[in-house]
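Observations on chain architecture
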Amino acid sequence: MSLLRVAAGSASFVVLVSALEIGATRLEARATTQAQPRWLKGNTHTHTLNSDGDTAPDEVVRWYREHGYQFLVLSDHNVLTSVDGLNALLGADERFLVIRGEEVTDRFQTKPIHINGLNLDSLVPPQGGNSVLETVQRNVDAIRAANGVPHVNHPNFGWAISADELARVRNNRLFEIFNGHPQVNNVGGGGSPGLEQMWDTILSRGILLYGIAVDDAHHFKRPWDAESSRPGQGWIYVRAERLTPSAILEAMEAGDFYASTGVVLTDYQVTPSSMTLTVRRRPFEKYRVQFIGRGGRVLWEAASSSATYRIRGDEGYVRAKVLDSNGRVAWVQPVLLPGASRR
Ligand SMILES: [Zn+2]
Ligand SMILES: [Zn+2]
């Protein structure tokens, strides 16, 4: 059971990785000949005409295929779209894959509770509940029962899910640190924390959550309209040997991925004593690499495109964030350190 493996891995989280190359061209060239870990670009939250999107599934899939992604999850509201025909039409071994999904769309009173189920065996109806936490938990549990992988969507949409509630959800490892929909309040405001602050609050309690970036794309027909929910806003790069649903989802639940709104890494290594990353540079662009620990404190910041942080062991957790001079970000997954406080 993958959860057990994740839980065991998260306690010590030791990832030893050789240098990796991420360039899409290299991936294409290597894809069919070898099974080594490589970075696969994907989006796990997408809508189509099957719910409130404006475009048919085949056109949506084509957009992602033509824009350099290796995988896509279709996640319509309370609809599980068949992907067999889409993969026959647009999929290609080790190059592009469509994965089944559903945005299980529930609410508690006025608060929208949306939980994605990735690679579900069957449709999961919204489960309801007597509180925000119970509603989240019952939907997460139903997704697990259907052999899917859950992720909690846009916690600040409708200011629905607090850091405390998110911290208390069981059997969930993933939540959206960035969602491209223009009404989801990623950065907080008016006295309410942004998602990154919530993440640090949760990690500071010794609870491991991984942050994903998604499009939540609905609108493919008006790319000029910043009020619409467009594709290409946020994504993840997952390190996996094979382009299969199980390989991608196991890597995600083990934290072997990073989230991005445009920053690409050429290298990323974690050992028990260090965290190293290198950014793929663009002409004239500059970078800040931050290593962040307990309480959201910046442990160290490098004004360069490459940095190594030496882990002391008393930071509670360490995660990295890269900011480029054009406002784009990459979020590298946290490592919980021994002795991190537990609730
Ligand atoms: Zn939603
Ligand atoms: Zn959505």
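Residues numbered from 1 in each chain as written. Chains lettered and ligands numbered in written order. Predicted model: local features only at pLDDT ≥ 70, side-chain atom pairs only at ≥ 80, totals over all residues.

Let us now look at the overall build of the chain. Looking only at helices and strands, the chain has 8 helices and 17 strands in total. Among the 343 residues that make up the chain, the fraction classed as buried is 48%. Considering only contacts in the chain between residues 6 or more positions apart, those separated by 24 or more positions represent 64%. (Helix = DSSP H or I, 4+ residues; strand = E, 2+ residues; numbered from the N terminus. Buried ≥ 20, exposed ≤ 12 C-beta atoms within 10 Å, placed from the backbone. Contact = placed C-beta atoms within 7 Å.)

What follows deals with the confidence of the model for the chain. Averaged over every residue, the pLDDT of the chain is 91; the share at 70 or more is 89%. Scored below 50 in pLDDT, residues 1-32 makes 38 contacts in the model with residues more than four places away or belonging to other chains. (pLDDT = per-residue confidence, 0-100.)

Take the sheet that holds strand β12 (residues 274-279) next. Pairing in this open sheet of 3 strands is antiparallel, and the strands run β11-β12-β15 from one edge to the other. Both edges of this open sheet fall to β11 (265-271) and β15 (306-310), since each of them pairs with a single strand only. Ignoring which end each strand starts from, the neighbouring axes of this sheet average 5° apart. Here β11 runs beside β12; their pairing, made up of 6 bridges, is antiparallel. Residue pairing across strands places Q269 opposite T276, the latter belonging to β12. (Pairing = 2+ DSSP bridges. Axes fitted to C-alpha atoms, helices over the stretch in contact; angles between N-to-C directions.)

This part is about the environment of Q183. Within the secondary structure layout, Q183 lies in the loop between β7 (174-179) and α7 (195-204). In the structure, Q183 is positioned 25 residues away from G158 in sequence and 8.6 Å away in space, judged by C-alpha atoms.

Helix length check: helix α5 (residues 132-145), at 14 residues, gives a terminal C-alpha distance of 20 Å against a target of 20 Å (1.5 Å per residue), a fit within 8%. Of all the 14 residues making up α5, 10 are buried; the element is thus mostly covered by neighbouring parts of the structure. Looking at the buried side of α5, the elements it contacts are β4 (101-108), β5 (111-118), β6 (149-152) and α6 (163-167). Phi turns positive one or two residues past the end of α5, at N147, with a value near 60°. (Expected span 1.5 Å × (residues − 1).)

Turning our attention to the pairing of strand β16 (residues 317-324). The buried fraction of β16 amounts to 7 of the 8 residues, a majority that puts the element mostly inside the structure. Pairing geometry for strand β13 (residues 287-293) and β16, over 6 bridges, is antiparallel. The residue of β16 that forms the bridge with R288 is L323. Strand direction decides the pairing type here: β16 and strand β17 (residues 329-336), joined by 6 bridges, are antiparallel. When the sheet's bridge partners are listed, V318 is paired in β17 with V335.

Among the structural elements, S273 can be located in the loop between β11 and β12. For the pair S273 and R312, spaced 39 residues apart in sequence, the C-alpha separation works out to 7.3 Å. In this structure, S273 is in contact with R310 and I311, ignoring residues within four places of it in sequence.

Moving on: the nonpolar core. The biggest cluster of nonpolar side chains holds 90 residues, and the ones touching the most others in it are V136, I177, I236, Y258 and A259. It is α5 that contributes the most residues to this core, 6 residues altogether. (Core = buried A, V, L, I, M, F, W, Y, C linked by C-beta atoms within 7 Å.)

As a further point, take the pairing of β5. With 6 of its 8 residues buried, β5 lies for the most part within the structure. Between β4 and β5, which follow one another and run antiparallel, lie 2 residues, and Q109 among them has a positive phi close to 50°. Of the strand pairs in this sheet, β5 and β6 are connected by 4 bridges, and their pairing is antiparallel. Opposite L118, over in β6, you have V149 as the bridge partner.

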